[in-house]
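Observations on the model geometry
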Amino acid sequence: MNAVVPKSLQEIKAALFQGFESFNHLKHIHARLLRSGLHQNNYLLNQLLKLTLNSFHNPSYAKLLFSQTQHPNIFLWNTVIRGFVTNDCFHQAIGVFNSMREMSCLPNQFTFPFLLKSCARLSDYEQGVKSHSLVVKLGFDYDVFVNTGLVCFYAKCGLLEDAHKVFDDLSDRNVVSWTAIMSAYIELGRFREGVDLFHRSLEMGLVPDSFILVRVLSACGHLGDMGAGEWIHRYMAETGVGRNVFVSTSLVDMYSKCGNMEKARHVFDEMPEKDIVSWSAMIQGYAANGLPKEALDLFYRMQRDNLSPDCYSMVGVLSACGRLGALNVGEWASSLLDRKEFHFNPVLGTALIDMYAKCGQMALAWEAFKEMKVKDRVVWNSVMSGLAMHGHVRSAFACFGQLEKHGINPDRNTFMALLCACTHAGLVNDGRQYFDSMTRLYFLNPEIQHYGCMVDLLGRVGRLEEAHSLIKGMAMEPNAIIWGALLGGCRLHRDTKLAEHVLKQLIELEPWNSGNYVLLSNIYSADHKWDDSEKIRSAMNERKIQKIPAYSWIEVDGKVHEFLVGDKYHPMSDKIHAKLGELNKKLREAGYVPKTEYVLFDIEEEEKEHFVGCHSEKLAVAFGLISTKPNDVIRVIKNLRICGDCHTAIKLISKITGREIIVRDTNRFHCFIDGSCSCRDYW
């Protein structure tokens, strides 16, 4: 018998160390241990448990194996605890540790890092503190890996001071401990401290790994601190660290979030290897920075390279389509993913709702919303914003009621949607009610945007003094958005005295913003105060301030066409202007008279009429009329507010041509049908 067992033991050892091709093979070896009487051999059991947990990820079978062990040693306990943590069985790992203590087996320095990881992942503060106490009692508080586990535990529980205290007591700080403390600050939104710690780690001679670089570049992006991001980029170039796709993608993301798409593109183009995450970061960067055409061009290039879109690239594409009003492109792009992905993924679903809403298809946006299986607060906010933008005010209010019935607490974005709805419809009392309820019922302090909505709402209905009083009573200093909203009200109601006061505030805040000067000059022009208007224009010229050009876009057959005022660069320019001439003749026959008070400059009446007749939205509409089928809806997007003359003209064009025309400006949607507009001439 003594001669047989060693032979069997050697065979079993050889089998254990060569690994298995299947889990059944492992079970056969376990059976061999039982037949040979070796099932209590801790060394062999340890190998079997490692394979069960690490290679085949079967914690249930490992638990069964371990439960039959009569005298497990510390190595066996540690293998099981570590294996459970590797398989995300954190409760079981803590349970095994407690069983070990009940059996009077003392843990060692290899036990605590995995135990503390379980406590961190479960935010089990009580168990973690007990473990820390035991660490000190057993004298393992000198061990860098145990202390790194403590840093992570306290950080995950949100106790940064305790985490930093443990970190400061470390005599030997390695990459893991530096990563732990930096990640703790960054995960809790304390990005500046995270970046400062990175600088400090380099001064201490640390050579950062890819993980640290990705995290700290993310922090720079959140801060919008391109200076720190560029410094890290230079450091990487000089030292050669971090040259992989993950770090390069983080650089692209950082530059994008800091608004520098040229540098983001430079990094992207130089990447020897690009994965879908890299493409997505670049596409989202373009979309987020107001470069929708570039986002779509890059997406087309990605398609040519046979790369399938993921969630994030699709969000960027749909955002770009929404900005351009490119409905056909948006629907084509969304068809590249399984529709179920939109139904079960709130991020994708929200992007689809937003795209449809911004392309003037609120009915499709609503259908997409209804089909979603998971509706979180962001999804509800998206559909409410769309309804508000389209003037479906009562529907937006009804959604708010449903949101509460579903037990979802509104946030500040929810109230932005509601206040915008009130603004578009001139519902002052409802606006006041929602604004007051933010603090009174939901304990949400209004932010500057909410005050901006209220000022806009009051200003539009002519309650300028009330709006001015609201600004004076604000808890924070008013910014350009606030004063700009009041200035818009002054323009609408031609209160030049208050407008002058407002403009002084705006010039202090944004001395190079042409819009401030243009709006006041328009007020003077409308009142025929040409001398005052001339002074404003002179001030603009002296400071070399250029007026923001007005653009309009229209999508036809999947291609987006762009127009400027008086544009003659389009290949079909002659036909477009001929169509405009034809329309102008019919408009005059219908009683239309150009509203030349919307023109900035004091020029001859005939020239004024020609100027307003060539506004970018009119050119886009004319192009749409000659380039689409008689029953097609014409959808135009404008980067500025639609002027009163164009609004009146397009209303009549919709009646003359029998076409439905939708124009989205910076404020809202205007749906023109048979001579009337959905905004009821209130925008």
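Further up the page is the structure itself.
Summarised in this report is the structure supplied together with it. Since the model is a prediction, treat every value here as computed from it, not as a measurement.

What follows deals with the pairing of strand S3 (residues 634–638). Counting buried positions over the five residues of S3 gives five, a clear majority of the element. Examined bridge by bridge, strand S1 (residues 551–556) and S3 share three bridges and lie antiparallel to one another. Residue pairing in the sheet places Trp553 in a bridge with Ile637 of S3. In terms of strand pairing, S3 meets strand S4 (residues 661–664) through four bridges, oriented parallel. The residue of S4 that forms the bridge with Ile634 is Ile661. On the question of chirality, the crossover connecting S3 to the parallel S4 by way of helix H37 (residues 644–657) is right-handed.

It is at 9 Å that the axes of helix H18 (residues 292–304) and helix H19 (residues 311–324) come closest, and there the two elements cross at 135 degrees. With respect to H19, the element H18 is oriented oblique. Regarding H18 and H19, the two cross each other, and that crossing is left-handed. Between H18, through Pro292, Lys293, Ala295, Leu296, Phe299 and Met302, and H19, the contact on the second element is made entirely by Ser313, Val317, Ala320, Cys321, Arg323 and Leu324.

Another point: the packing of aromatic side chains. For the structure shown, the criterion picks out 20 aromatic pairs. Here the aromatic rings of Tyr300 and Trp332 are separated by 6.0 Å at their centres, their planes lie at 45 degrees, and the arrangement is tilted. Within this pair, whereas Tyr300 is found in helix H18, its partner Trp332 is found in helix H20 (residues 327–334), the two being separated by 32 residues in sequence. Taking 5.4 Å as the distance between ring centres and 55 degrees as the angle between the ring planes, the aromatic pair formed by Phe415 and Tyr442 counts as tilted. Residue Phe415 is found in helix H26 (residues 412–425), and its partner Tyr442 is found in the loop between helix H27 (428–440) and helix H28 (448–460); the two are separated by 27 residues along the sequence. Judged by its relative accessible area of 0%, Phe415 falls in the buried class.

Sheet architecture is open: six strands sit in the order S2-S1-S3-S4-S5-S6, paired in mixed fashion. Two strands in the sheet have a free side with no partner beyond their single neighbour: strand S2 (559–564) and strand S6 (676–677). Taken strand by strand, H37 contacts S4, strand S5 (669–673) and S6, and its axis lies near 40 degrees from that of S5.

To continue, consider the pairing of S5. For S4 and S5, the ladder comprises four bridges, and the chain directions are antiparallel. Residue Arg664 lies in a different strand from S5, and its bridge partner there is Phe669. If you look at the hairpin formed by S4 and S5, you'll find four residues sitting between the two strands. The antiparallel pairing of S5 with S6 creates a hairpin that spans two residues between the two strands, and Asp674 there sits at a positive phi of about 50 degrees.

Attention now goes to the packing of helix H13 (residues 210–223) against helix H14 (residues 226–239). Their axes nearest at 9 Å, the elements H13 and H14 cross at an angle of 155 degrees. Relative to H14, the element H13 is oriented roughly antiparallel. Handedness of the H13/H14 crossing: left-handed. In this structure, H13 contributes Leu213, Val216, Leu217 and Cys220 to the contact, and H14 contributes Ala228, Gly229, Ile232 and Met236.

Another point: the environment of Arg323. As for its position among the elements, Arg323 is in helix H19. Exposure remark for Arg323: the relative accessible area of 44% places this residue in the partly exposed category. Taking the C-alpha atoms as reference, Arg323 lies 9.1 Å from Leu291; in sequence the two are 32 residues apart. Residues contacting Arg323, with those up to four places away along its chain left out, are Gly290, Pro292, Ile637 and Arg664.

A word on the pattern of salt bridges. Applying the stated rule across the entire model yields 22 salt bridges. One network of salt bridges, in which partners are shared, links Lys156, Glu187 and Arg215.

Mapped onto the fold, Ser552 is located in strand S1. Judged by relative accessible area, Ser552 falls into the buried class, the value being 0%. Within the structure, the side chain of Ser552 is placed 3.2 Å from the backbone nitrogen of Glu617, a separation counted as a polar contact. When residues no more than four places from it in sequence are discounted, the contact partners of Ser552 are His561, Glu562, Phe563, Ser616, Glu617, Ala620, Val636, Ile637 and Lys638.

What counts and how
- Residues numbered from 1 in each chain as written.
- Predicted model: local features only at pLDDT ≥ 70, side-chain atom pairs only at ≥ 80, totals over all residues.
- Heavy atoms only, no water.
- Buried < 20%, exposed > 50% of the residue type's maximum accessible area, 1.4 Å probe, protein only.
- Helix = DSSP H or I, 4+ residues; strand = E, 2+ residues; numbered from the N terminus.
- Pairing = 2+ DSSP bridges.
- Right-handed = clockwise from strand over helix to strand, strands pointing away.
- Axes fitted to C-alpha atoms, helices over the stretch in contact; angles between N-to-C directions.
- Parallel < 35°, antiparallel > 145°, perpendicular 65-115°, else oblique.
- Left-handed = near helix turned anticlockwise from the far one by under 90°.
- Contact = heavy atoms within 4.5 Å.
- Phe/Tyr/Trp six-rings, centres within 6.5 Å; stacked < 30°, edge-to-face > 60°.
- Salt bridge = Lys/Arg side-chain N within 4 Å of Asp/Glu carboxyl O.
- Polar contact = N/O pair within 3.5 Å; in protein donor to acceptor, adjacent residues only side chain to side chain.

Coordinates in, geometry out; function isn't part of it.
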